[in-house]
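Letter by letter, the chains look like this.
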Amino acid sequence: MDGAVRVALVDDERPITDPIAFSLRKAGYETEVYHDGESALAAFRQRPPNLVVLDIMMPKMDGLELCRRLRSQGIALPIIFLSSRDEEIDRLLGFEMGGDDYLSKPFSMRELLARVKALLRRTGAADAPGTGAGRGTVTPLRVGDIEIDTDAAICRRDGNSVPLTLTELRILSSLAAEPGVIRSRSQLMATAFPEDLYTNDRAADSHIKRLRRKLEILGDVPDRIESVYGMGYRIRLDGDSR
Amino acid sequence: MRRLSFRLLIFNVLLIFLPIGSFLYLDTFETQLLEKLERAMVQEGRVMASALSGRDLEAEALRIMANLAGRVESRIRVVDVEGRLLADSAVDSLASAADTNTQTGDPRISSIQSWTEGSARDELLYQIVVPPVRRAVDVLSPPQPALPSAEYYSGETLLSGPEIDAALAGRYGAATRVSTGGQRSVTLYSAIPVIAADGSVRGAVLVSRSTFRILGDLYSLRLDIIRIFAFSVTAAVVLSILLSLTITRPLRKLRDRTELLLLPGSNLHEAVRTGYPSLRRRDEIGDLSRSLQELWQRLESRITLIDDFSADILHEVKNPLAAIRSSAEVVATELGESVPSAGAPAAELAPFIDTILRETDRINRLLGELREITQIDTHLEWEEREPVAIAPLLRELAELYGRRGESRTTATSASEGAGVAPVTVSAAIDPAVEEVALSVNRDRLRQVLGNLLDNALDFARAAIRIESGPGRGMQDRIEIAIEDDGPGVPPQETERIFHRFYSGRSERAGHDGLGLAVCRAIIEGYGGTIRAENTPEGGARFILVLPTTAIP
């Protein structure tokens with residue numbers, strides 16, 4: 001079996017792909033670079049990589065379209081989207097993203113490498129037979145009925161599970177680690193993007209919004225993640241009056 | 001629009017005052033009629049006088065009277081040289097009773113009945129309009145000598161009025177006397193001498209006739225004019241209302257729609273997107289509505305253009321930024337790994353790499369803020385507003401920032417003396433403020449206050465003070481002040497720090513540019529003001545003045 005993990009990079013701008021490809025190779029991944037969606041799609045049909053780093057805004061075929069075609073042809077690939085527009089992120093939210101992740105440009109290279117690693121590990125786990133319950137070395141975090149598998153980056157309740165992006169996983173874990181304790185937006189963002197010097201506090205709100213939606217899908221109690229006005233967020237335990 | 005309707009009505013009503021003017025014309029008409037009447041009387045008199053000359057005056061006069069048998073409208077009397085009454089058509093004819101009636105009875109009522117078929121409504125109409133007009137004319141015209149009554153010759157056998165005297169003297173004599181019975185008509189008297197063949201005056205013919213018939217005619221005329229006037233007024237009012245409906249109503253519709261845009265706190269985006277009502281009219285108002293609609297569409301496309309433009313700019317700049325950052329990180333990593341072999345170069349270069357990374361982050365942050373500031377108006381319009389009780393919010397913030405101040409570890413402050421020492425945060429809230437709320441978006445207000453407090457936390461030496469009280473000299477306003485004991489703002493810069501990309505205090509990371517500009521945009525979006533000044537101790541004080549609303 002081919003031991004090398006293959007990561008594909010799709011972006012129309014060479015100044016962006018060059019340093020990323022360099023770093024990915026440095027990190028030990030076999031890296032392929034494509035500069036438009038069509039050539040990437042053609043190549044992926046032949047031989048799908050283990051993971052794709054995909055720019056959303058591209059000529060000919062944009063990232064979302066490429067993703068849609070891959071999915072419609074039954075090619076399941078973990079994807080990390082790169083985006084430079086708020087609007088694109090919003091469109092991603094409407095898109096059924098599964099456990100995929102995204103990063104806003106400009107991103108930290110270390111952050112990108114961390115996410116590539118996390119996503120590969122998670123999809124590797126998802127491919128393994130059975131669930132990851134016995135596999136993880138870390139005891140899963142539990143909040144009420146909710147179980148957070150940090151290894152697999154999924155959230156479970158009553159045998160159902162939803163995948164989490166790395167950002168969501170980090171935020172949820174940070175809140176779940178100390179239930180009832182308030183985390184400010186900037187603390188949460190610092191947890192979610194440890195490699196980034198600058199993060200926008202208000203972006204925390206949209207991540208929280210998505211987390212709430214995912215917990216809702218699992219049928220969790222509403223308002224599990226509570227807004228504390230003017231201060232931040234905290235996670236609520238069932239029956240916890242605080 | 002109401003003013004326009006009113007103006008239309010006024011013009012229309014003014015137009016129908018023309019018939020009123022014709023009333024005045026009627027007076028002239030009356031004079032002409034009277035002149036004609038007098039001329040006819042004189043003719044009658046002359047004919048009579050000519051017929052009588054050279055015969056037996058009395059016998060001939062009586063014969064002619066009998067022949068006339070009241071078939072003339074005038075009353076004809078014949079007097080001899082002494083003025084003695086020889087013959088009188090009112091007495092000597094069969095129709096004398098009727099003639100007498102026209103002269104001395106109360107002919108008005110009977111005549112009105114005969115001329116106007118006795119319409120009480122017409123009479124009322126007449127009485128409403130004519131007497132005031134008459135009175136006005138009487139007031140305006142010079143006073144006239146009172147006329148003697150037409151009873152002048154009543155029962156006399158020796159007629160010696162001035163006109164008779166004149167006629168007996170061989171001249172034409174005329175007199176006017178007021179008709180009896182309280183009516184406004186007068187009786188005209190014309191006396192013509194009867195001159196014999198030898199040229200001597202043998203007597204006189206006195207022709208008299210009441211002007212009542214003329215007045216009767218005039219009455220009918222006036223009544224017609226009044227009727228026309230009444231119809232005209234009604235028509236004018238109806239026309240004005242119709243005009244008002246067809247002109248001012250659509251105009252008002254256009255105005256209302258436009259004013260919707262101008263209302264403070266109205267949703268500009270929403271209003272522009274819902275479009276402008278085009279009126280399917282072919283007139284100028286329709287044209288106006290179509291022009292406005294086009295203007296509206298251009299406004300919309302311009303707004304969309306600006307939105308898209310800022311999004312595009314962001315996108316276009318973020319891509320190269322990502323490339324720079326990634327490349328710099330790669331270089332940093334490589335330098336870090338190739339450590340000591342080459343000795344110093346890596347360590348020497350490291351700060352420059354850091355600068356590249358830090359500055360790309362700064363550009364990125366500024367881009368985000370720039371996007372925020374260009375969209376702040378739109379966002380403020382979209383966001384829900386609710387009454388926010390301000391006193392509890394300020395206390396909460398004081399507590400939150402008090403905790404942050406205790407553990408302040410930021411080394412970002414550029415002000416000497418400030419820095420890592422703990423900072424206390426106190427709040428002094430006037431009882432009057434407890435009663436009020438602000439109609440704002442909670443998170444936005446918190447963003448502004450948080451921004452100012454973050455600022456203060458970076459500059460303060462040891463203390464931050466939050467104050468709030470009723471707005472000075474302004475009802476329904478409150479003032480919120482946040483002050484620190486740091487180095488303050490240079491006095492000449494207190495306005496400029498709110499400008500975009502003001503860099504006076506930019507030595508501190510994270511404080512260049514747009515934070516205060518965003519604060520100002522938000523506060524002004526809520527109809528408030530924000531300004532900066534320095535405390536007597538030299539620290540900076542930021543003062544917000546915001547309109548209040550009642551606590552629900």
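Each remark here, short or long, concerns the structure printed above.
Worth saying up front: this structure is predicted, and the values here are computed from it rather than measured.

## What about the sheet that holds strand β12 (residues 540–547) of chain B?
All names here are of chain B.
- One open sheet accounts for five strands, arranged β7-β9-β10-β12-β11; its pairing is mixed. Looking along the sheet, the strands with just one partner apiece sit at the ends: β7 (424–429) and β11 (529–534). On average, adjacent strands in this sheet sit at an angle of 15° to one another, irrespective of strand direction.
- Of the pairings in the sheet, the one linking β7 to strand β9 (residues 463–470) comprises six bridges and is parallel in character. Bridge pairing in β9 places S426 opposite R465.
- Each of β7, β9 and β10 (477–484) is contacted by helix α13 (residues 390–406), which is oriented at about 165° to β7, the strand it contacts most.

## Remarks on the sheet that holds strand β6 (residues 386–389) of chain B
All names here are of chain B.
- The strand order across the open sheet built from three strands is β6-β8-β13, with neighbouring strands paired in antiparallel fashion. If you trace the sheet from one side to the other, it starts and ends with β6 and β13 (549–550), each paired once.
- Summarising the sheet, strand β8 (residues 436–440) and β13 pair through two bridges and their orientation is antiparallel. From the neighbouring strand, A437 faces β13, where its bridge partner is T549.

## Overview of the pairing of strand β1 (residues 6–10) of chain A
Residue and element names in this part refer to chain A.
- Counting buried positions over the five residues of β1 gives four, a clear majority of the element.
- Here five bridges tie β1 to strand β2 (residues 30–34), and the two strands are oriented parallel to one another. Each residue of the ladder has a partner; that of L9, found in β2, is V33.
- Viewed along the sheet, the connection from β1 through helix α1 (residues 14–26) into β2 turns out right-handed.
- Bridge analysis of β1 against strand β3 (residues 51–55) gives four bridges, and the strand direction is parallel.

## Describing the interface of chain B and chain A
- Counting residues at the interface gives 25 residues for chain B, matched by 21 residues for chain A.
- Those elements that provide at least two residues to the side of chain B that touches chain A are α11 (284–337), α12 (345–382) and α13 of chain B.
- Ranked by residue count, the leading element in the side of chain B that touches chain A is α11 of chain B, at 14 residues.
- Of the residues assigned to the side of chain B that touches chain A, the class counts are 10 nonpolar, seven polar and eight charged.

Calculation rules
Residues numbered from 1 in each chain as written. Chains lettered and ligands numbered in written order. Predicted model: local features only at pLDDT ≥ 70, side-chain atom pairs only at ≥ 80, totals over all residues. Pairing = 2+ DSSP bridges. Helix = DSSP H or I, 4+ residues; strand = E, 2+ residues; numbered from the N terminus. Axes fitted to C-alpha atoms, helices over the stretch in contact; angles between N-to-C directions. Contact = placed C-beta atoms within 7 Å. Buried ≥ 20, exposed ≤ 12 C-beta atoms within 10 Å, placed from the backbone. Right-handed = clockwise from strand over helix to strand, strands pointing away. Nonpolar A, V, L, I, M, F, W, Y, C, P; charged D, E, K, R; others polar.

Geometry only, nothing functional implied.
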